[in-house]
Amino acid sequence: MEVTAATRPAPNRLLVAAAVGAAVALALGVYGNVHDPSQELVFTMFFSSTISMKVWFATLALAFAVVQVTTALWIYGKLGAQAPDWASPLHRISGRLAFLSTLPVAYHCLWSLGFQDTDTRVLAHSILGCAFYGAFAAKVTIVRSRNLPGWALPVAGGLIFAVLVVTWYTSALWFIREQGWPDL
Amino acid sequence: MLDGIDKALALGCWLTAGLVVLMLFVGPQVVAEDKPLKSSGKGQQVFTENCGSCHTLSRAGTNGQVGPNLDSVNVKPGDVESIVRSGSGAMPSFEGNLSDAEIAEVAKFVAGPDYTAAGR
């Protein structure tokens, strides 16, 4: 009998998702390490400085992620009241907006700074930044897979949220504690 | 309505992510072209005024003894910028004291004139 994605045992599909996530994280880490960071590229979009853009976008991503986790809990019935119909699209929209908000930050980090290990915080941030997109890729793979254990998606979602929080903690929050909120 | 926004955002996510990946690879050709990073001369001034009392760097004519001798280290501009921004050991952070442009200039100056985007 032919083994298709639909008939493949769930553990195998979970391994595929984990492998996809690991590959994405590893690829970003390798790129950040072998790419020679250029200080020539400094884009601010509509913010006053690059660092301001990164702090605000990272914080915006975290805010959207909080909305996504909250709506997920609501959908899974963990908040008591039954979730309304608009909770599901709001959950997906907040996740997409969180992801989009991270992209300008990640691009500047990878292109202009690269993978760095100058101290523990910077090393942790470099690793977690790569891990975030790995976790994201794994979660997308899980969302698109069928017949997985019920715990797979909440675990993947929780993992990606936790990685985002710590990534933000080691960058944007560190900056805010050191320098205060940057001007828009 | 929310479903329509969701579908549009889904497409936007894929397109934006693809664009970012593309720019990560073609960016060096489009933006930097592996040219030597040029410093306008401002970097030396920033270095002399803010770093020279602690660091030796013959190109700047400084002989500070508190921090590492920068004549004997091999660093990338990005590494220098990170250290200048966040500090390291006894060295304080200069984030806020120096502008982004000044930090970028001093980072290029410390990395040296021979540094190229395709180099070390």
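Definitions and limits used
Residues numbered from 1 in each chain as written. Chains lettered and ligands numbered in written order. Predicted model: local features only at pLDDT ≥ 70, side-chain atom pairs only at ≥ 80, totals over all residues. Helix = DSSP H or I, 4+ residues; strand = E, 2+ residues; numbered from the N terminus. Buried ≥ 20, exposed ≤ 12 C-beta atoms within 10 Å, placed from the backbone. Contact = placed C-beta atoms within 7 Å. Axes fitted to C-alpha atoms, helices over the stretch in contact; angles between N-to-C directions. Parallel < 35°, antiparallel > 145°, perpendicular 65-115°, else oblique. Nonpolar A, V, L, I, M, F, W, Y, C, P; charged D, E, K, R; others polar. Left-handed = near helix turned anticlockwise from the far one by under 90°. Core = buried A, V, L, I, M, F, W, Y, C linked by C-beta atoms within 7 Å. Arc of directions from axis to C-beta.

Colleague: Describe the overall build of chain A, and please don't skip the residues or the numbers.
Modeller: When its secondary structure is counted, chain A shows six helices and zero strands. Walking chain A from its N terminus toward its C terminus, one meets helices and strands in the order α-α-α-α-α-α. Out of the 184 residues belonging to chain A, those deemed buried represent 42%. For chain A, long-range pairs separated by at least 24 residues make up 77% of all intrachain contacts whose partners lie at least 6 apart in sequence.

Colleague: Can you break down the packing of helix α2 (residues 42–50) of chain B against helix α4 (residues 100–111) of chain B residue by residue, with the values?
Modeller: All names here are of chain B. Taken N-terminus to C-terminus, the directions of α2 and α4 make an angle of 90°; their axes are 7 Å apart at the nearest point. The orientation of α2 with respect to α4, classified from their angle, is roughly perpendicular. Contacts from Lys42, Gly43, Gln44, Val46 and Phe47 of α2 reach α4 at Glu102, Glu105, Val106, Lys108, Phe109 and Val110. Residues that form the contact of α2 with α4 fall into these classes: five nonpolar, two polar and four charged.

Colleague: How would you sum up the packing of helix α2 (residues 50–75) of chain A against helix α6 (residues 172–179) of chain A? Please name residues and give values.
Modeller: All names here are of chain A. Two elements in contact, α2 and α6, have axes whose closest approach is 9 Å; the angle formed by their N-to-C orientations is 125°. On the basis of the axis angle, α2 is oblique to α6. As for the relative orientation of α2 and α6, their crossing is left-handed in sense. Counted together, Ile51, Val55, Ala58 and Thr59 of α2 and Ala172, Phe175 and Ile176 of α6 form the full contact between these two elements. In the contact of α2 with α6, the residues fall into six nonpolar, one polar and no charged.

Colleague: Please provide a residue-by-residue account of the environment of Cys51 of chain B, values included.
Modeller: Among the secondary structure elements, Cys51 of chain B is positioned in the loop between α2 and β1 (56–57). A sequence separation of 33 residues divides Cys51 of chain B from Val84 of chain B, and the C-alpha atoms of the two residues are 9.6 Å apart.

Colleague: How would you summarise the nonpolar core if you had to cite specific residues and measurements?
Modeller: Formed by 46 residues in total, the largest nonpolar core has its most connected members in Ala58, Ala61, Ala65, Phe132, Tyr133, Ile160 and Leu164 of chain A. Within the residue set of this core, elements represented by two or more residues are α1 (10–34), α2, α3 (87–113), α4 (120–143), α5 (152–169) and α6 of chain A. Here the element with the most residues in this core is α2 of chain A; it accounts for 12 residues. Ignoring sequence-local partners within four residues, the contact set of Phe132 of chain A consists of Ile160, Val163, Leu164 and Thr167 of chain A. Counting residues in hydrophobic clusters, the runner-up holds 16 residues, among them Val46, Val80, Val84 and Ala111 of chain B.

Colleague: Which residues make up the environment of Tyr133 of chain A, and what values go with them?
Modeller: All names here are of chain A. Along the chain, Tyr133 turns up in helix α4. Tyr133 sits in the buried class, given 23 other C-beta atoms within 10 Å. In the structure, Tyr133 is positioned 105 residues away from Leu28 in sequence and 8.4 Å away in space, judged by C-alpha atoms. Apart from residues no more than four positions distant in its own chain, Tyr133 is found in contact with Val24, Ala25 and Leu28.

Colleague: Talk me through α2 of chain B; I want residue IDs and the actual numbers.
Modeller: All names here are of chain B. Three or more residues of α2 are buried, namely Gly43, Gln44, Val46 and Phe47. Angular distribution of buried residues about the axis of α2 spans 165°; they occupy a single face of the element. Buried-residue contacts for α2 involve β1 and α4.

Colleague: Explain the interface of chain B and chain A to me, using residue names and the numbers behind them.
Modeller: Every contact between the two is made by 36 residues of chain B and, on the other side, 33 residues of chain A. Mapped by element, the contributors of at least two residues to the side of chain B that touches chain A are α1 (2–32), α3 (77–86) and α4 of chain B. No other element matches α1 of chain B, which puts 16 residues into the side of chain B that touches chain A.

Colleague: Give a detailed account of unusual backbone geometry, specifying residues and quantitative values.
Modeller: With a phi close to 60°, Asn147 of chain A is a non-glycine residue in the positive phi region. Relative to the helices and strands, Asn147 of chain A resides in the loop between α4 and α5.

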